[in-house]
Amino acid sequence: RGCATRVLKLATNMAGAEDTVPLFHAPPGRASPRLDAAKAGLRRAPAVLIAALIGVLDNAPYGYLLFPPQLAHLAPTIGVAMVLTSAAVSQLAFAFSSRFDCALGCTIVENVPFFRAMADGVIAREPGERAAPTVLALFALSTAATAAACAACARYRLGRFAAYIPRHVLLG
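These remarks concern the structure in this document. (Residues numbered from 1 in each chain as written. Predicted model: local features only at pLDDT ≥ 70, side-chain atom pairs only at ≥ 80, totals over all residues. Heavy atoms only, no water.)

Some thoughts on the overall build of the protein
Okay, so step 1: Helix and strand counts for the protein stand at six helices and zero strands.
Okay, so step 2: For the protein, the sequential pattern of α-helices and β-strands runs α-α-α-α-α-α.
Okay, so step 3: Nonlocal contacts in the protein, meaning residues at least 24 apart in sequence, comprise 46% of its contacts between residues at least 6 apart.
Okay, so step 4: Carbon and sulfur atoms provide 68% of the accessible area of the protein, an area that totals close to 12800 Å². (Helix = DSSP H or I, 4+ residues; strand = E, 2+ residues; numbered from the N terminus. Contact = heavy atoms within 4.5 Å. Areas by Shrake-Rupley, 256 points an atom, 1.4 Å probe, with all protein chains shown as cover.)

Structure follows, in structure tokens:
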């Protein structure tokens, strides 16, 4: 009742700012929810900045490693942008859907040899200018297939099957 009254008062009394009542009024002796949210955001700012720095410094070099020498011209532009975009998307997915408090999304260095081998296979079959778009499409399809497989494992709660994979394979 009190919140609805304040909303109606705000909507009907837009002329004078001194007469308006805040939507979320804190009881006496307690801070407002907006102030609490601002303080919590400021407390997390250093952690967010460090995570962003780690994301850039850790992931940017992988963009140079993904492409073989025949496609080296793609590495500084498309390769780095592709890896950083992938890291940003995974970080957003972790931030909004993970149960972990401090999940950090990044490119896994163990995937680089697989991407490189796929690119080498395409270049062996299609040398020349047609190799670059084919390699990029192959990277996108393999990433989407891996994401779909991981999402299916999560959806059907198949994480327990990871216990059957040798530990040294899981840890790299």
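Describing the layout of surface pockets
Okay, so step 1: If you add up the space inside the largest pocket, you get close to 2100 Å³.
Okay, so step 2: Around the largest pocket, the lining comprises 41 residues; the ones closest to its centre are F94, I108, T146, A147 and C150.
Okay, so step 3: Counting only elements with at least two residues in the lining of the largest pocket, the list comes to helix 3 (75-97), helix 4 (112-125), helix 5 (131-155) and helix 6 (167-171).
Okay, so step 4: Counting residues per element, the lining of the largest pocket draws most heavily on helix 5, at 10 residues. (1 Å grid on protein atoms, 1.4 Å probe; cavity = no way out; pocket = protein on both sides within 12 Å on 5 of 7 lines; lining within 4 Å. Points joined across faces, edges and corners; volume = space filled by probe spheres on them.)

Some points on the packing of helix 4 against helix 5
Okay, so step 1: Running from amino to carboxyl end, helix 4 crosses helix 5 at an angle of 140 degrees, the nearest separation of the two axes being 9 Å. Between helix 4 and helix 5, the interaxial angle falls into the category oblique. The chirality of how helix 4 crosses helix 5 is right-handed. Across from F115, M118, A119, V122 and I123 in helix 4, the residues of helix 5 making contact are A131, T134, V135, L138, F139, S142 and T143.
Okay, so step 2: Split by residue class, the contact of helix 4 with helix 5 holds nine nonpolar, three polar and no charged. (Axes fitted to C-alpha atoms, helices over the stretch in contact; angles between N-to-C directions. Parallel < 35°, antiparallel > 145°, perpendicular 65-115°, else oblique. Left-handed = near helix turned anticlockwise from the far one by under 90°. Nonpolar A, V, L, I, M, F, W, Y, C, P; charged D, E, K, R; others polar.)

A word on a nonpolar patch on the surface
Okay, so step 1: Together, I50, I54 and L104 make up an exposed nonpolar region whose accessible area comes to about 260 Å².
Okay, so step 2: Its place among the elements puts L104 in the loop between helix 3 and helix 4.
Okay, so step 3: Since its relative accessible area comes to 40%, L104 is described here as partly exposed. (Patch = residues over 30% accessible without salt bridge, like charges linked within 9 Å, V, L, I, M, F, W, Y side chains within 5 Å. Salt bridge = Lys/Arg side-chain N within 4 Å of Asp/Glu carboxyl O. Buried < 20%, exposed > 50% of the residue type's maximum accessible area, 1.4 Å probe, protein only.)

Section: the packing of aromatic side chains
Okay, so step 1: Summed over the entire model, instances satisfying the criterion amount to three aromatic pairs.
Okay, so step 2: Ring centres 5.6 Å apart and planes at 40 degrees place the aromatic pair F67 and F139 in the tilted group. One end of the pair, F67, is in the loop between helix 2 (33-65) and helix 3; the other, F139, is in helix 5, and 72 residues separate them in sequence.
Okay, so step 3: For F139, a relative accessible area of 2% corresponds to the buried category.
Okay, so step 4: Three or more aromatic residues link up through ring pairs in this structure, and these residues are F67, F115 and F139.
Okay, so step 5: Here the basic side chain of R155 rests over the ring of Y156, its NZ or CZ set 5.5 Å away from the ring centre. (Phe/Tyr/Trp six-rings, centres within 6.5 Å; stacked < 30°, edge-to-face > 60°. Lys NZ or Arg CZ within 6 Å of the ring centre and 35° of its normal.)

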